Amino acid sequence: MSTFKTLIIITTFLATAVVTMPASADYCIQLNGGSFSGAIGFFRFRDPDPLPHTKGVIKTLTGRAAGLSPAFGTLTVAKDGSFIELGVTFFIDSTQGQFDISLLPPKYKSGSGYADYGTYGVNQAVTAKVVACINEP
């Protein structure tokens, strides 16, 4: 096989691998309860250090809600490290929503909180779980 053909095969393989590999820095959260389930309750966040456990850390969150809609907020680790709190505002089809959840204890990657979609506030009780991003609806 010629060097040119080998180079073409390697280049094609690398291009395919880069496109198909999920970003390892993404983590996803699924909310359930109230008006949240399926795609409406699925959030993907990008972070080089997903879900930190260092006491007192405060991080800015940027991500997506229900596919390509914007989501942004703040992640805070309690000063004693006992829980992680996420406060997020998002827009799905130009409709605003918010959630405020706590993962307690952080190592279990599940928790609960309050959320709302379509009205301002957090009036609906929800459960939250960190899930594999490959399961995005």
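Residues numbered from 1 in each chain as written. Predicted model: local features only at pLDDT ≥ 70, side-chain atom pairs only at ≥ 80, totals over all residues. Heavy atoms only, no water.

J.: What is the right way to look at the pattern of salt bridges in this model?
T.: Side-chain pairs of opposite charge can arise whenever the charged atoms involved come near each other. Under the definition given, this model contains four salt bridges. When the shortest N-O distance is used, the salt bridge between Asp26 and Arg44 registers 2.9 Å. Here Asp26 is found in strand E1 (residues 26-32), whereas its partner Arg44 is found in strand E2 (residues 42-46), with 18 residues between them in sequence. The residues Asp26 and Arg44 share a single accessibility class, namely buried. Note that Asp26 is salt-bridged to Arg46, the shortest N-O span being 2.7 Å. A residue pair is termed long-range when its members are at least 10 positions apart, and Asp26 in strand E1 and Arg46 in strand E2 qualify at 20 residues. Relative accessible area serves as the criterion here: at 15%, Asp26 is assigned to the buried category. The structure contains a network of salt bridges with shared partners spanning Asp26, Arg44, Arg46, Arg64 and Glu136. (Salt bridge = Lys/Arg side-chain N within 4 Å of Asp/Glu carboxyl O. Helix = DSSP H or I, 4+ residues; strand = E, 2+ residues; numbered from the N terminus. Buried < 20%, exposed > 50% of the residue type's maximum accessible area, 1.4 Å probe, protein only.)

J.: Explain the packing of aromatic side chains to me, please; I cannot follow it from the model alone.
T.: How two aromatic rings sit relative to each other is given by the distance of their centres and the angle of their planes. Throughout the structure, instances matching the rule amount to seven aromatic pairs. Here Phe43 and Phe99 contribute two aromatic rings whose centre-to-centre distance is 4.9 Å and whose plane-to-plane angle is 65°, an arrangement assigned as edge-to-face. One end of the pair, Phe43, is in strand E2; the other, Phe99, is in strand E6 (residues 95-103), and 56 residues separate them in sequence. Accessibility assignment for this pair places Phe43 and Phe99 in one class, buried. With a centroid separation of 6.5 Å and 40° between ring planes, the pair formed by Phe90 and Phe99 is classed as tilted. Neither Phe90 nor Phe99 differs from the other in exposure class; each is buried. (Phe/Tyr/Trp six-rings, centres within 6.5 Å; stacked < 30°, edge-to-face > 60°.)

J.: What is the right way to read the side chain of Arg44 from this model?
T.: For Arg44, a relative accessible area of 15% puts it in the buried group. From its side chain, Arg44 meets the backbone oxygen of Cys133 in a polar contact 3.2 Å long. For Arg44, the contacting residues outside a window of four places in its chain are Asp26, Tyr27, Cys28, Thr62, Gly63, Arg64, Cys133 and Glu136. (Polar contact = N/O pair within 3.5 Å; in protein donor to acceptor, adjacent residues only side chain to side chain. Contact = heavy atoms within 4.5 Å.)

J.: Please explain the state of the cysteines as it appears in this structure.
T.: Linking two cysteines covalently through their sulfur atoms gives a disulfide. One pass over the structure, following the stated rule, counts one disulfide. Residue Cys28 pairs covalently with Cys133 via a disulfide, S to S 2.1 Å. Handedness of the Cys28-Cys133 disulfide follows from its S-S torsion of about 115°: it is right-handed. Taken together, the residues span a long stretch of sequence, with Cys28 in strand E1 and Cys133 in the segment after strand E8 (124-131) at a distance of 105 residues. For Cys28, a relative accessible area of 0% gives the class buried. (Disulfide = S-S within 2.5 Å.)

J.: Please explain the nonpolar core as it appears in this structure.
T.: Within the largest apolar cluster, 24 residues are counted, with the highest numbers of intra-cluster contacts made by Ile29, Leu31, Phe45, Leu86, Phe99 and Ile101. For this core, the secondary structure elements donating two or more residues are E1, E2, strand E3 (58-65), strand E4 (69-77), strand E5 (84-92), E6 and E8. A total of five residues in this core trace back to one element, the largest contributor, which is E5. Setting aside chain neighbours within four positions, we find Leu31 in contact with Phe36, Ser37, Gly41, Phe43, Phe99, Ile101, Ala115, Val126, Thr127 and Ala128. (Core = buried A, V, L, I, M, F, W, Y, C linked by side-chain atoms within 4.5 Å.)

All quantities given are derived from atomic positions and should not be read as evidence of function.
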